[in-house]
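Now for the letters of each chain:
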Amino acid sequence: METKQENRLLYLSVGGNDEDWGIVVTTAGYQSIPPSSQYPPMQHPDTHLFAPDKGRIINEYQLVYIIRGGGYFSSDHIAKKQKVGAGTMILLFPGEWHSYEPDSSTGWNEYWVGFRGQHIDSRVEKGFFSSKKPLHKIGVSSSIVGLYEDIIRVAQKEKAGYQQMISSILLSILGTVYYKSKNDQYSDTYIVEKINKAREIIRNNVENSLSQEEIAKKAGMGYSWYRRMFKEYTGVSPAQYQLQQKLMKAKEMLTTTNKNISEIAYALHFETVSQFSTFFKKKEGIAPSEFRKRTH
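Below or above, wherever it landed, is the structure these notes cover. This one's a predicted model, so the numbers in the text were calculated from it and none came from an experiment.

Per the secondary structure count, the protein chain includes 10 helices and 8 strands. Relative to the compact-globule value of 19 Å for 296 residues, the protein chain shows a C-alpha radius of gyration of 25 Å, a clear excess of over 25%. For the C-alpha atoms alone, the extent of the protein chain along its principal axes is close to 70 × 45 × 35 Å. Once local pairs closer than 6 in sequence are excluded, the contacts in the protein chain between residues at least 24 apart make up 71%. Roughly 15,700 Å² of accessible area belongs to the protein chain as shown, and the carbon and sulfur atoms make up 49% of that amount.

In structure tokens:
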């Protein structure tokens, strides 16, 4: 998958209104560390050099992606050295002591990108990422390597707006890490199959008045377990998911049929037209009649 390539170390300037974008990239690069080599290499500036036996604290986030070889990692939250291998994404946090290094017998190849900004701060505050879980075993992915290469390529040219471009690519990497880590929690295919079955039942019965108890029974689950696992896996309660499907169906009917608002409301089992209109306006910001006018 990987061809031999030169080490590339980029330390980037942040200027103008880059910070207003909400996230900026401070450093990016690739390096191949042969067995029994010094780590980090001396080409790095003093601010990014550190002794692995002492560790360091930085004032930014970094995503370090190991694509060959292996080594060790420790941090404030992981006091005992953890062995890391190819396919591991290490997420470093500002103000968090950490240390990592390749195994001297194997070395490793790594990509990295450093960044900061209110957008990532907000994601951490809301629990999408945590310094308690800095290691993400996502596998060696050519698509993720391609995203790192895109960041390096665009950053090297430093064209106008490059910070906005590379920080948006970075968000794709973060989204992939979150997605893979989230789904790794559900290696039990039984749970996934049952939740997918429930979602299928809900989608196929938008115009039928199925209760949540009936959906759970049809999917072969106990009601309490169904409600808990559905929200844990999807991020929304089954009742909220059902309402989302009703909203999508309502928009489809408003756009593609000549049914009046009352007919749509009752087809979707709202008790009154007023209840449907209030629900629709709360979700879309406009009344159903106005939505129909705009789409037509």
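From this point, the narrative continues.
The next subject is the pairing of strand S4 (residues 82–85). Across 4 bridges, strand S3 (residues 61–75) lies against S4 in antiparallel orientation. Of the residues in S4, the one forming a bridge with Tyr72 is Lys83. Where S3 folds back on S4, the antiparallel hairpin that results is connected by 6 residues.

Overall, the coordinates contain 9 salt bridges when judged by the stated rule. For the salt bridge of Arg294 with Glu290, the shortest nitrogen-to-oxygen distance reads 3.2 Å. Taken together, the residues span about one helical turn, with Arg294 and Glu290 both in helix H10 (residues 288–295) at a distance of 4 residues. Classification of Glu290 as partly exposed rests on a relative accessible area of 30%. Each member of the salt-bridge network shares a partner with another, and the members are Glu207, Lys249 and Glu252.

In this section: the side chain of Glu110. Here Glu110 lies in strand S7 (residues 108–116). Although Glu110 lies buried, it forms no salt bridge, and the closest oppositely charged side chain, Arg56, sits 7.7 Å away as judged by the N-O distance. Within the structure, the side chain of Glu110 is placed 2.8 Å from the side chain of Tyr39, a separation counted as a polar contact. One polar contact links Glu110 to Trp108, side chain to side chain, over a distance of 3.0 Å. Excluding anything up to four places from it in sequence, Glu110 contacts Gly29, Tyr30, Gln31, Tyr39, Val64, Tyr65, Ile66 and Tyr100.

Summarising the element assignment, Tyr111 is placed in strand S7. For the pair Tyr111 and Leu9, spaced 102 residues apart in the sequence, the C-alpha separation amounts to 9.8 Å. Tyr111 has contacts with Gln5, Arg8, Gly29, Tyr30, Leu63, Val64, Tyr65, Ile67, Val145, Tyr148, Glu149 and Ile152, leaving out every residue within four places of it along the chain. A polar contact of 2.4 Å, which involves the side chain of Tyr111, links it to the side chain of Glu149.

Conventions we followed
Residues numbered from 1 in each chain as written. Predicted model: local features only at pLDDT ≥ 70, side-chain atom pairs only at ≥ 80, totals over all residues. Heavy atoms only, no water. Helix = DSSP H or I, 4+ residues; strand = E, 2+ residues; numbered from the N terminus. Rg over C-alpha atoms; globule rule 2.2 N^0.38 Å. Contact = heavy atoms within 4.5 Å. Areas by Shrake-Rupley, 256 points an atom, 1.4 Å probe, with all protein chains shown as cover. Pairing = 2+ DSSP bridges. Salt bridge = Lys/Arg side-chain N within 4 Å of Asp/Glu carboxyl O. Buried < 20%, exposed > 50% of the residue type's maximum accessible area, 1.4 Å probe, protein only. Lys, Arg positive; Asp, Glu negative; His and termini not counted. Polar contact = N/O pair within 3.5 Å; in protein donor to acceptor, adjacent residues only side chain to side chain.

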